[in-house]
Amino acid sequence: MPGTKGTVSALHFDINRPIHLARRDAFFERAAELLYQPVAELDATARLEHVSRVLQLLSTAQQHATFATRSAQATGPEQDFLHFLRLVAGNLRSVHSMTQHQDHLEGENGFLCRFLHAPPEECALPAMHYRRRADDILQGIWHLLRLAHEPYRTLQQASQQALSPAEQERYRKAYQSFRQELQAAEAPQPAAPPT
């Protein structure tokens, strides 16, 4: 049937809207929690892992924010939040790049030092500059997240209130499930027993 695909897709986004909103919120909130964790004491490699994890979480939040905005019930503030997520993710990609450069300059095995045939002491200054740029960008992200707290909570409440009681229950259950899934994924794994 002509035009059926578009109708089915719109219906899909309407039916699954509570789930997309729940995943958007759970993953964004976990990303924000991780961004608030201090990273000053982490070396470049650990910082890269940390930023990569936050980027994964934001990517999932962004994907489901996009799906939620494809519903007929989507609002302007939801579109704005999606744009906000894209901006924060872009800033984090910059932090990742700066930290990666720092990592490639530091230490005896630093790729850039090795490639440039530069001694570690010559690589220390540019590595420090990359670290400072990454820290500056993180400070900006922290400030944005602080400012976004109230608008985000207002959006979250408005999105939930616009749902029917059955959809609100689906949202609540999905949100709790996603939060538990995230906690389980990040929990330290017990050591394997000796053989």
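Look above for the structure.
Just so it is clear, the structure is predicted and the values come from calculations on it, not from any experiment.

What about the state of the cysteines?
The bond known as a disulfide is covalent and runs between the sulfur atoms of two cysteines.
Part 1 of the reasoning: Summed over the entire model, instances satisfying the criterion amount to 1 disulfide.
Part 2 of the reasoning: Paired through a disulfide, C113 and C123 show a sulfur-sulfur distance of 1.6 Å. Separated by 10 residues along the polypeptide, C113 in helix α5 (residues 111–116) and C123 in helix α6 (residues 120–161) bring together distant segments of the chain. We note that C113, like C123, is buried.

Notes on the packing of α6 against helix α7 (residues 165–186)
Part 1 of the reasoning: As a packed pair, α6 and α7 sit with axes 9 Å apart at the nearest point and diverge in direction by 130°. With respect to each other, α6 and α7 are oriented oblique. Facing α6, whose interface residues are Q156, Q160 and Q161, α7 presents Q168, Y171 and Y175.
Part 2 of the reasoning: Here the contact of α6 with α7 is built from residues that sort into 2 nonpolar, 4 polar and no charged.

Describing the packing of aromatic side chains
Part 1 of the reasoning: Across all of its chains, the model carries 7 aromatic pairs by this definition.
Part 2 of the reasoning: Seen in terms of ring centroids, F111 and F115 are 5.9 Å apart; in terms of plane orientation they differ by 20°. Their pairing is stacked. With F111 and F115 both in helix α5 and 4 residues apart, this pair spans about one turn of that helix.
Part 3 of the reasoning: Pairwise contacts between aromatic rings join F28, F81, F84 and Y152 into one cluster.

Rules and cut-offs
- Residues numbered from 1 in each chain as written.
- Predicted model: local features only at pLDDT ≥ 70, side-chain atom pairs only at ≥ 80, totals over all residues.
- Heavy atoms only, no water.
- Disulfide = S-S within 2.5 Å.
- Helix = DSSP H or I, 4+ residues; strand = E, 2+ residues; numbered from the N terminus.
- Buried < 20%, exposed > 50% of the residue type's maximum accessible area, 1.4 Å probe, protein only.
- Axes fitted to C-alpha atoms, helices over the stretch in contact; angles between N-to-C directions.
- Parallel < 35°, antiparallel > 145°, perpendicular 65-115°, else oblique.
- Contact = heavy atoms within 4.5 Å.
- Nonpolar A, V, L, I, M, F, W, Y, C, P; charged D, E, K, R; others polar.
- Phe/Tyr/Trp six-rings, centres within 6.5 Å; stacked < 30°, edge-to-face > 60°.

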